[in-house]
Every structure is written in structure tokens, then in C-alpha cells.
Amino acid sequence: MIKTLTLLLTILFLSAACENEKRNATTTVLEKLLKDTIAPFSHKNKIGPPGPPNRIADNSRSAPASAKPPAEATNTAPEKNDFSDVAALDPSIKLDIRYATADNFTKSKIYDCPRCLLRPEAAKALVKAHKALQKKGLGLKMFDCYRPRPYQQRLWDKVPNPDYVTPPAKGSMHSRGAAVDLTIVDEKGNELDMGTPYDFFGKEAHTDNMNLPAPVLANRRLLRETLEAVGFKGIRTEWWHFSFQGKNYPLSDYVWPCEKQK
Ligand SMILES: [Zn+2]
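Residues numbered from 1 in each chain as written. Predicted model: local features only at pLDDT ≥ 70, side-chain atom pairs only at ≥ 80, totals over all residues.

Some words on unusual backbone geometry
Among all residues save glycine, negative phi is the norm, and among peptide bonds the norm is trans.
Part 1 of the reasoning: The residue Lys107 is not glycine, and still its phi comes out positive at about 60 degrees.
Part 2 of the reasoning: If you trace the backbone, Lys107 turns up in the loop between β3 (94–95) and β4 (117–118).
Part 3 of the reasoning: A positive phi angle, close to 60 degrees, is found at Asp199, a residue other than glycine.
Part 4 of the reasoning: Structurally, Asp199 is set in the loop between β6 (179–186) and α6 (214–228).
Part 5 of the reasoning: For Asp199, a count of 19 C-beta atoms within 10 Å gives the class partly exposed. (Helix = DSSP H or I, 4+ residues; strand = E, 2+ residues; numbered from the N terminus. Buried ≥ 20, exposed ≤ 12 C-beta atoms within 10 Å, placed from the backbone.)

Topic: the environment of Ala88
Part 1 of the reasoning: Mapped onto the secondary structure, Ala88 falls in helix α3 (residues 86–89).
Part 2 of the reasoning: Put simply, Ala88 and Leu117 are 29 residues apart on the chain and 9.6 Å apart in space, counted from C-alpha to C-alpha.

What to know about the nonpolar core
Part 1 of the reasoning: Judged by nonpolar contacts, the single largest core of 34 residues is most densely connected at Val86, Leu118, Leu126, Met142 and Cys145.
Part 2 of the reasoning: Secondary-structure elements contributing two or more residues to this core are β4, α4 (120–134), β5 (138–144), β6, α6 and β8 (241–244).
Part 3 of the reasoning: With five residues, the top contributor of residues to this core is α4.
Part 4 of the reasoning: Not counting the four nearest positions on each side in its chain, Leu118 is found in contact with Phe83, Ser84, Val86, Ala123, Leu126, Cys145, Tyr146 and Gly177.
Part 5 of the reasoning: Core analysis: the next-biggest nonpolar cluster, separate from the first, contains seven residues, Tyr99, Ile110, Tyr111 and Leu155 among them. (Core = buried A, V, L, I, M, F, W, Y, C linked by C-beta atoms within 7 Å. Contact = placed C-beta atoms within 7 Å.)

Topic: the confidence of the model for the protein chain
Part 1 of the reasoning: Confidence along the protein chain averages 78 in pLDDT terms, with 68% of residues attaining 70 or more.
Part 2 of the reasoning: This stretch, residues 4–76, has a pLDDT under 50; its non-local contacts, to residues over four places away or in other chains, come to 13 contacts. (pLDDT = per-residue confidence, 0-100.)

Re the pairing of β6
Part 1 of the reasoning: β6 sits mainly inside the fold: six of its eight residues count as buried.
Part 2 of the reasoning: Where β5 and β6 come together, six bridges link them in antiparallel fashion. Counterpart to Leu140 in the pairing with β6 is Ile184. (Pairing = 2+ DSSP bridges.)

Points about the environment of Glu259
Part 1 of the reasoning: Looking at the secondary structure, you find Glu259 in the segment after β9 (251–252).
Part 2 of the reasoning: Separated by 147 residues in the primary sequence, Glu259 and Asp112 have C-alpha atoms spaced 9.9 Å apart.

Topic: the pairing of β5
Part 1 of the reasoning: Here β5 lies mainly inside the structure; five of its seven residues are buried.
Part 2 of the reasoning: As paired strands, β3 and β5 are joined by two bridges and run parallel to one another. The partner of Lys94 across the bridge, within β5, is Lys141.

Details of helix α5 (residues 149–158)
Part 1 of the reasoning: Residues of α5 that are buried include every one of Arg149, Tyr151, Gln152, Leu155 and Trp156, and no others. End-on, the buried residues of α5 take up no more than an arc of 155 degrees, which puts them together on one face. (Arc of directions from axis to C-beta.)

Here's what the structure looks like:
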């Protein structure tokens, strides 16, 4: 019985193998026919002079799993359209862009000309905060907004100290177009007393320092609450700095043009 079964299985196996062979033979004939037809056209592509592999092949080979992770993606083709001009959105927001003057802690002019650009969502939020303050007879005054990475580099070249300047390689929230340095002004344009000047590096500028006169604490609270209400968040060491929390924007190298400035 077992012998018969083995015999039957062997016959079945052999006939299947024959079928495969036949199919293979048929495929070979078909392939040959096709090759003969296609050959005149594909010949050139198939036999090429030996040379370096093309770029695509190169790229696919140069990306093994062990490859170093690429540096953080940056806005390689930055465009003006990636940013909104705060002054154009609301001309009543005061600009005092200190890095476009020598009146800053580096004592030198860093920006070629002053502009307050921000990512569109951050700019809209800022205008909202300004309008809320206007109802109280107050308004915003900007010290710094988007800071192009080439300008961050200039700042770093002047003050290569991470305690005061974010290293360009790390990237500041300003270079993402999502941070602002600002204060509140009254109807006459006078700055409210925030306890220290802008870019004062010391404990007095810290937001967790409660050892300050009551009006100063009240002014700082108003600034913080107004900015937080529209999606910004402050930091511990600088009462004037707020970052927009909406999105994770890339670092940008876009530098605004100055030719129309006089
Ligand atoms: Zn800042």
C-alpha cells in the first residue's frame, strides 16, 4: 500500500516537473521573441561603457541605516511668503528693532535694516494681543521678531557665549520665525516699567523673581497674560521673550531685502 502511494506521488511529482519545464521552455521562447523585437531599441541602454554609477544609485547606496542622521531640516528655499510683516498687518504696533541699531547689548548693528517678520499664525496672534491691549489704552512695542540665521550667526560671532546667544547650529526660536521680544507701551508710546531694560542679563530680568515693586510685577503679569491668551509662552530668564506654541517651524535663512529702506 505504502509502495503504491509512493509510486503515485513520484509520478505526480515528475509530471508536475515536466509541466514546469514545459512552461519554462514556453517562457524562454516568448522571452527570446520579445528580446529580438525589443533589442534594437534597448541595446544602447543595456550595454553602456563602464563608468561611475548615476546619482540616484549613489544616493540609495549612501543611506545605510548606520548613516549619521542628517542635520535638522532647514528652510532651504525660504521665501518671503513664509512670513508675515507685522507692521503691514497692524501699523499701530510700534517697532524698535534694536539689532538693526547699535543700541543693543553687543553695541553693534547686527541687522542691515529693521523688520518685524513672523510666521503667519504667530503674526496674527500678536495682532490679537495688541488689539486686546488697545482696549486698555495700551499697545505692543517690538524689540525683535524673526531673526534670520545669517543674522544669528553675526550675533554669535560677536558674542560666542551660549549664556547670552543661542548657537546658530542649535537654532533660536527667533530663527524659526516664532519668537518675539517685546514690551507694552502706553498711548503716548512710553514703555511700561518692567523692572529692567530689554536684554538685561541678570536675576532682575527673571520672571520668577518676585522681589520687585508691585507695579513692575503687575506690568509683567499683564504682558504674560496677554501673550499667553493668544498662544505664546514666556521663558524664565527674560521677561521680554515669548515663543509661539502653535507649530514646529523650521529654521530659516531667509533675509528680508533692504534696498527700499532709506
Ligand atoms: Zn528673544
